[in-house]
Structure formats: structure tokens, C-alpha cells
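Here are the chains, one letter per residue:
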Amino acid sequence: MPFMVNQQILLAKLDDLKQASLYRSRRMIESAQGVVLQVEGRKVLNFCSNDYLGLANNPEVIASFKQAADQYGVGSGSAHLVCGHGREHHELEEELADFTGRERALLFSTGYMANLGVITALMDKGDVIYQDRLNHASLLDGGLMSGARFKRYLHADVENLQQKMQSHSLGQKAMIVTDGVFSMDGDFAPLDKLSVLAQRQHAYLMVDDAHGFGVLGSNGAGLVEQYQLSQQQVPVLVGTLGKAFGASGAFVAGSDALIETIIQQARSYIYTTALPPAIAAATRASLHFVRQDSWRRDKLKMLVRRFQAGARQIGLALMPSASAIQPIVLGDSLKAVQASDYLFAQGFWVSAIRPPTVPLGSARLRITFSALHDEQHVDQLLSALQGMSA
Ligand SMILES: *Cc1c(COP(=O)(O)O)cnc(C)c1O
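Predicted model, so just to flag it, every value in this text is computed and none were measured. (Residues numbered from 1 in each chain as written. Predicted model: local features only at pLDDT ≥ 70, side-chain atom pairs only at ≥ 80, totals over all residues. Heavy atoms only, no water.)

Thoughts on the packing of aromatic side chains
Here the structure, examined in full by the defined rule, presents eight aromatic pairs. Seen in terms of ring centroids, Phe47 and Phe369 are 5.7 Å apart; in terms of plane orientation they differ by 75°. Their pairing is edge-to-face. Taken together, the positions of Phe47 in the loop between β2 (42-46) and α2 (59-72) and Phe369 in the loop between β13 (363-368) and α15 (375-389) put the pair 322 residues apart, joining distant regions of the chain. Here Phe47 and Phe369 have matching classes, each one buried. Measuring from centroid to centroid gives 5.1 Å for Phe307 and Phe369, while their planes differ by 55°, and the two rings are tilted. Of the two residues, Phe307 sits in helix α13 (residues 294-313) while Phe369 sits in the loop between β13 and α15, which places them 62 residues apart along the sequence. Of the two residues examined, Phe307 and Phe369, each falls in the buried class. Here the aromatic cluster, defined as three or more aromatic residues joined through ring pairs, consists of Phe47, Phe307, Phe348 and Phe369. Over the ring of Phe344 we find Arg27, and its NZ or CZ is 3.6 Å from the ring centre. Positioned above the aromatic ring of Phe289, the side-chain terminus of Arg296 is 5.7 Å from the ring centre. (Phe/Tyr/Trp six-rings, centres within 6.5 Å; stacked < 30°, edge-to-face > 60°. Helix = DSSP H or I, 4+ residues; strand = E, 2+ residues; numbered from the N terminus. Buried < 20%, exposed > 50% of the residue type's maximum accessible area, 1.4 Å probe, protein only. Lys NZ or Arg CZ within 6 Å of the ring centre and 35° of its normal.)

Set out below in C-alpha cells:
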């Protein structure tokens, strides 16, 4: 008998997810990204986007996109190593290298693919990878795919990592991998200490700063800029372009030898179509605003401080996060979903984050801010949160 997808099995599994409050569904938006979203026929205030600087719908970024689309069309036509590597891609790479203070930068189509590609290009069976236990799924998947031995250390705990590295022999290739700003907690990796440990152990240090890039550091070059860490101290740096940059794609930055190795070895680089050139052009415009508009970062900080002070006043327990990601842990998945639905009914879109995205028993509301919010938006959210806990 030919193989057939057994509908009953699928439906039973889906039902299990629903019973556990782990079923995920999409809401369809009918407007551009921004502070106010048109969704399901009404307007809601957006507190769940990663468009931290409000560049996704910036008129000048859009103009650069359109101009490049007129000149280069839409599709890139092929992979970078065939005939898809255009001038806009190349110049963006050079600008990103300059911006991050690295010798070279290399574009990937997504952050997920960058992480898979970088880790699998550098690590193999017989090597060992140390990962923070709260690392992003793409870092964990890259580690698994590489075939290297896999050790997870307690979140941001350098002592625990040091203990795990004790059995490590200097002849064995090792890599420490961490989020910069943790995507679901908003706190920072202890990069200064990690870089000292990595150098002492002759291990690579790879930092994925998807949520710090554009937002942290006085020029927006991310957590490595805030910590003042050079290419030697953080040799493998990944940033994404779909969050604070409001565009799409990602890059890895580091030494010339590192980038050439990744070009030769990373299957998620080699076997995929290059980003549309107009996306690269739009990202170059975003980079200009990231560098020039420090008011966006200042405003974001001000909004976060206002939110933290207001939350304290109404007795809401926040996490130790200084970033634009301000989670409220509720524990139970059902509770998190109900809280998110309640807020949505009140006109606020705050997403419920559940396992396996976060550890079991730590389901939460993940509130994010944008430089385009104003103080009144923050106060309105605080009132709604107060109403929710009442
Ligand atoms: C969003 C995210 C990614 C994935 O980036 P995409 O460009 O969306 O694929 C990788 N790492 C972290 C920490 C992220 O938050």
C-alpha cells in the first residue's frame, strides 16, 4: 500500500498541542510594520516587533529599495558563488565590516542560515561546542548539525562553563557560542569574561547579536561595541538585518581567513539564492540611519526606563533586562496565552512566548519597544497591564 499521511495521527498531535496551550497560530496584519498595526479589521498598539529603531517602514529606506529595484530588478538570479553577487551586496558587506571593526563581513539570506552555516563550516565530529542553555534555536540546530559534541552551560554562568571546559584538552577544537542580547530574556551575555576564557582555552568565541546589533553601543554596533571587544576577542560575530535594521538577512564578520573558510564550506551560504539586491540597498540606507540617528537608541532607552519605573509602581515583576526586550514571566502556558488575548482585546499586541522557545514553566509575555513609541504608548500599556493583574 502506498504511504499516506495519516490524518488521524496528525490531528491527534495537533490536539495534544491545543490541550497543552502550546498550539501556535498566526494573525494576519494589513498594514506596514509600525507602532500601530491594522489587524483583523482593527488597530492595535504593537509591542511585539523586533523593529526596534522603527526603520522597517522608513520613507528613505523604502526609497533606496525602490531605486535599487528599478535598477536591478527583484530577484538576484542565483547564489553568490554563481552570478548572484551584486554591487549592492558587496558594498553592504564592506560597510558592515567597517561598522563592526572587522576585516570582512559576509551576507547570508537569514540569521537562521548564518548560524547553521557558520557553525557547520567551523566545527566537526570530534570537536566540542559549549552553548549557553538559553541560546537561540538556530545556534542549537547549527551545533547539532555540525556533529560536534555538545555541552550546554547554565545561563550566562562563566564559572559553570569553566567547570565544563576543565576536561577539555588543548588539542581539541572548541567553540563557545552565545546570544549577545538574549532573545527571550533581554539580558546580556558576559562577553568580557567569555572572551578571556575563550582565549585562555584556545576556543573560538561566536556571538550572535541579533538583538543588540543596531541598538547597543554608542554607534549601534551592538554588544561587542558596548564591551569594546575587538576581532581578536570575539573572532566570530553574527548580526541580523531583519530586526533593528528593519530589512532582512544577516551577516557574519571576522578575519579574512574566517570569511573565506565560510564561503568555501557553509552549505547554507553556497546552496541558496542571494538576497534581492534591493534588500541590500535598503539595508545600506538603514545602516546610515543606525550610525547617524543616535536619538533612536536614546529614545528607546528612555522608553524602557519609563516602562520599568511604571512596572515597579504597579508591582509587576520584571526580569533583569536593560534592553528593549522586557519579559513578564507568568510560568504557565495557558496563563501566558490568556494574558496575551486579554491585552489584544484591549488593543495591545504583546506576544505570549511558550516552550520550547523558553524553558518549561517559564512561559511569558515578551514586551518589546520601538523608537517610534512615545511615552503615552508606554503609559497606556502599563494601565492595561495593571488591569490584567487586577
Ligand atoms: C531572530 C534571531 C535569529 C534568526 O534571524 P533571522 O534573520 O530572523 O533568521 C538568530 N539568532 C537570534 C538570537 C535571533 O533572535
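Quick word on the sheet that holds strand β3 (residues 104-108)
Read across the sheet, seven strands follow the order β3-β9-β8-β7-β6-β4-β5 without closing on themselves; strand pairing throughout is mixed. Only two strands of the sheet have a single partner each, and these edge strands are β3 and β5 (149-153). The sheet shows a mean angle of 20° between the axes of neighbouring strands, direction not considered. In the sheet, strand β6 (residues 174-179) pairs with strand β7 (residues 204-208) via five bridges, with the strands oriented parallel. Residue pairing across strands places Thr178 opposite Val207, the latter belonging to β7. (Pairing = 2+ DSSP bridges. Axes fitted to C-alpha atoms, helices over the stretch in contact; angles between N-to-C directions.)

Notes on the domain arrangement of the chain
Examined at the domain level, the chain breaks down into domain 1 (21-53 + 294-389) and domain 2 (59-292). Computed from C-alpha atoms alone, the centre-to-centre distance between domain 1 and domain 2 is 26 Å. With 21 residues of domain 1 at the interface, the matching set in domain 2 holds 25 residues. Carbon and sulfur atoms make up 58% of the surface buried where domain 1 meets domain 2, a total of about 1,600 Å² over both sides. Area buried by domain 1 at its contact with domain 2 is led by Tyr52, Leu53 and Arg297, which between them contribute 31% of it. There are one salt bridge connecting domain 1 and domain 2. We note a salt bridge from Asp185 to Arg364, for which the minimum N-O separation is 3.0 Å. (Domains from an automatic or database assignment. Contact = heavy atoms within 4.5 Å. Buried area = accessible area lost by both parts, 1.4 Å probe. Salt bridge = Lys/Arg side-chain N within 4 Å of Asp/Glu carboxyl O.)

Structural notes on the sheet that holds β13
What the three strands build is an open sheet, ordered β10-β13-β12; its pairing is antiparallel. Each having just a single partner strand, β10 (325-331) and β12 (351-353) make up the two edges of the open sheet. The average angle at which neighbouring strand axes cross in this sheet is 30°, direction not considered. Here β12 runs beside β13; their pairing, made up of three bridges, is antiparallel. Paired with Ser351 across the bridge in β13 is Arg366. Each of β10, β12 and β13 touches helix α14 (residues 333-345); the most contacted strand, β13, lies at about 35° to it.

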